[in-house]
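Observations on chain architecture
What follows is the residue order along each chain.
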Amino acid sequence: SLGTCAQGMCPDDWHIPSNDELTTLERSVCTSATCATDFPYSGTTSGLRGTNEGAKLKVGGSSGFNGALVGRREANGTTFTSYGTNVWFWSSEYAVPSVYRRQLMAGSSQILRDAGNTIASPRSHSLRCVHNTPAI
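Model, not experiment: these values are computed from the prediction. (Residues numbered from 1 in each chain as written. Predicted model: local features only at pLDDT ≥ 70, side-chain atom pairs only at ≥ 80, totals over all residues. Heavy atoms only, no water.)

1. A look at the nonpolar core
The line we're drawing: Among buried residues, those of type Ala, Val, Leu, Ile, Met, Phe, Trp, Tyr and Cys that are joined through side-chain atoms within 4.5 Å constitute a nonpolar core. In this scheme, a residue with accessible area under 20% of its type's maximum is buried, one over 50% is exposed, and one in between is partly exposed, where area comes from a 1.4 Å probe on protein chains only. Any two residues whose heavy atoms approach within 4.5 Å are treated as being in contact.
Counting eleven residues, the largest nonpolar core consists of Val29, Cys30, Cys35, Phe39, Leu57, Phe65, Leu69, Val87, Phe89, Leu104 and Ile111. Discounting residues that sit within four places of it in the chain, Leu69 has contacts with Ser82, Tyr83, Gly84, Thr85, Asn86, Val87, Leu104, Met105 and Ala106.

2. Section: unusual backbone geometry
Rules: Helical segments are the DSSP runs of H or I of at least four residues, strand segments are the runs of E of at least two, and each set is numbered from the N terminus.
Of note in the backbone geometry, Asp13 takes a positive phi value of approximately 70° without being a glycine. On the secondary structure map, Asp13 appears in the loop between β1 (2–4) and β2 (14–15). Classification of Asp13 as exposed rests on a relative accessible area of 52%. You will see that Asn66, though not glycine, has its phi angle at about 55°, which is positive. Note on placement: Asn66 falls in the loop between α3 (53–57) and β4 (72–73).

In structure tokens:
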């Protein structure tokens, strides 16, 4: 079943982005005529998506997001890999045992969508918190 991670990893008034919020981020940098099909609001769409949206989200890209390719911590808890080549961003949503995430890569200008299995491969990935939007 689909669930969401609890508050506590982000400061007060901030939260872990949902899968839909990550999709909104992808669409905000998409300029092609196929943004809706490249980046659907779906937890089942995976693989490389878009054309140059990943490049726009990396450090130095035009979006200002500045996704640094900081790699990840491996399941053993002490080894760090992929520095300078990849970064993964968690969403707050999961379907046990996997968490929806996005990956930016040095060798691609696209965005990789997938669901990381946190039980079979309990790695640590980056987290970008989103400021809560005040109620109107």
